[in-house]
Amino acid sequence: MTDQLMGRGPEAARNLALVTYGLLFAAIFFAGVPALIAVIIAYSQRDEAPAAIRSHHDFQIRIFWVAFALTMAAGACGLGALISGVGELLEFTRVNGWDGFSTINIDLSRMVIDGRIVSLLVAAVVLSLLAGLWLIAAPAIGFIRLVSARGIGLTSHPA
């Protein structure tokens, strides 16, 4: 009754879930900020929504946390590669001559980029690509299921 008085029926809950999927999709283009807004909306609306819409809010929350975990793992791998690379650079470089700031001679001939740095960089790129693919595909699938009036994880036929 109060939802109807406030103008919030099942159609409004469905429209808000559609907007939340749009925000999750847009997160890949705006450094994740829309995903924060989307997950706040999903957390705040999932208890009040009908069961089918609630399943979509749960899915939206899952989309956010999976993307967040993949992004953090990619960042950790990238940071590890950066720290290892700087350590290698500092270990194997030497300044041959110093004649003021206009002429600095650095010998990098002994520097070797080992497999650890390469594997960390590859892992960072792969995890970033997976996070991006997840942020494109998962909201699209949820959006399609919501538009076709199907819940996430709910069977369309009675058991």
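What counts and what doesn't
- Residues numbered from 1 in each chain as written.
- Predicted model: local features only at pLDDT ≥ 70, side-chain atom pairs only at ≥ 80, totals over all residues.
- Heavy atoms only, no water.
- Helix = DSSP H or I, 4+ residues; strand = E, 2+ residues; numbered from the N terminus.
- Buried < 20%, exposed > 50% of the residue type's maximum accessible area, 1.4 Å probe, protein only.
- Contact = heavy atoms within 4.5 Å.
- Areas by Shrake-Rupley, 256 points an atom, 1.4 Å probe, with all protein chains shown as cover.
- Phe/Tyr/Trp six-rings, centres within 6.5 Å; stacked < 30°, edge-to-face > 60°.
- Expected span 1.5 Å × (residues − 1).
- Patch = residues over 30% accessible without salt bridge, like charges linked within 9 Å, V, L, I, M, F, W, Y side chains within 5 Å.
- Salt bridge = Lys/Arg side-chain N within 4 Å of Asp/Glu carboxyl O.

Participant: It is not clear to me how the overall build of the protein chain should be interpreted in this structure. Could you clarify?
Facilitator: The helix and strand tally for the protein chain stands at five helices and two strands. Helices and strands in the protein chain line up, N terminus first, as α-α-α-α-β-β-α. Counting the 159 residues in the protein chain, one finds 29% classified as buried. For the protein chain, contacts bridging at least 24 residues in sequence account for 64% of all contacts bridging at least 6. Here the protein chain has roughly 10,100 Å² of accessible surface; of this, 71% comes from carbon and sulfur atoms.

Participant: Whenever I open this one, the packing of aromatic side chains confuses me. Can you help?
Facilitator: For the coordinates displayed, the defined rule picks out four aromatic pairs. Plain terms: the ring middles of F25 and F29 are 5.9 Å apart, the flat faces sit at 65° to each other, and that makes the pair edge-to-face. Its relative accessible area of 35% is what places F25 among the partly exposed residues. Summarising the aromatic geometry, the rings of F64 and W65 are spaced 4.9 Å apart at their centres and angled 80° between planes, so their arrangement reads as edge-to-face.

Participant: In this structure, what is going on with helix α2 (residues 10-26)? I would like to understand it.
Facilitator: Given 3.6 residues per turn, any residue in an α-helix points the same way as the ones three and four places further on. When the terminal C-alpha atoms of α2 are compared, their 24 Å separation across 17 residues agrees well with the 24 Å that a helix rising 1.5 Å per residue should span. For α2, the full list of buried residues reads A13, A17, L18, T20, Y21, L24 and A26.

Participant: Can you walk me through the side chain of T20 in this structure?
Facilitator: When you line up the elements, T20 lands in helix α2. Here T20 falls in the buried class, since its relative accessible area comes to 0%. Those residues within four positions of T20 in sequence are excluded, and the remaining contacts are A38, I41 and Q60.

Participant: Would you take a moment to explain helix α5 (residues 115-147) for this structure?
Facilitator: The end-to-end C-alpha separation of α5 is 47 Å, in line with the 48 Å expected for 33 residues at 1.5 Å each. Within the span of α5, buried status applies to I117, A124, L127, A131, G132, L135, A138, P139, G142, R145 and L146. Positive phi shows up at A149, right after α5, with a value of about 60°.

Participant: Please explain a nonpolar patch on the surface as it appears in this structure.
Facilitator: Taken together, I113, V118, V122, V126, L130 and L133 make up a surface patch of nonpolar side chains, about 530 Å² in accessible area. Locating V118 in the fold gives a position in helix α5. Of the residues examined, V118 reaches a relative accessible area of 41% and is grouped as partly exposed.

Participant: Just to check I follow, could you spell out the pattern of salt bridges for this structure?
Facilitator: Close approach of charged atoms lets side chains of opposite charge pair. For the coordinates displayed, the defined rule picks out four salt bridges. The salt bridge partner of R46 is D58, with a shortest N-O separation of 3.2 Å. Taken together, the residues R46 in the loop between α3 (33-45) and α4 (51-92) and D58 in helix α4 connect sequence positions 12 residues apart. Here R46 falls in the partly exposed class, since its relative accessible area comes to 27%. Across the pair R116 and E88 runs a salt bridge, and its minimum N-O distance is 3.9 Å. In this pair, R116 is assigned in helix α5 and E88 in helix α4, connecting sequence segments 28 residues apart. R116 sits in the partly exposed class, given a relative accessible area of 43%. Here E88 falls in the buried class, since its relative accessible area comes to 11%. Because the salt bridges share partners, they merge into one network encompassing E88, D114 and R116.

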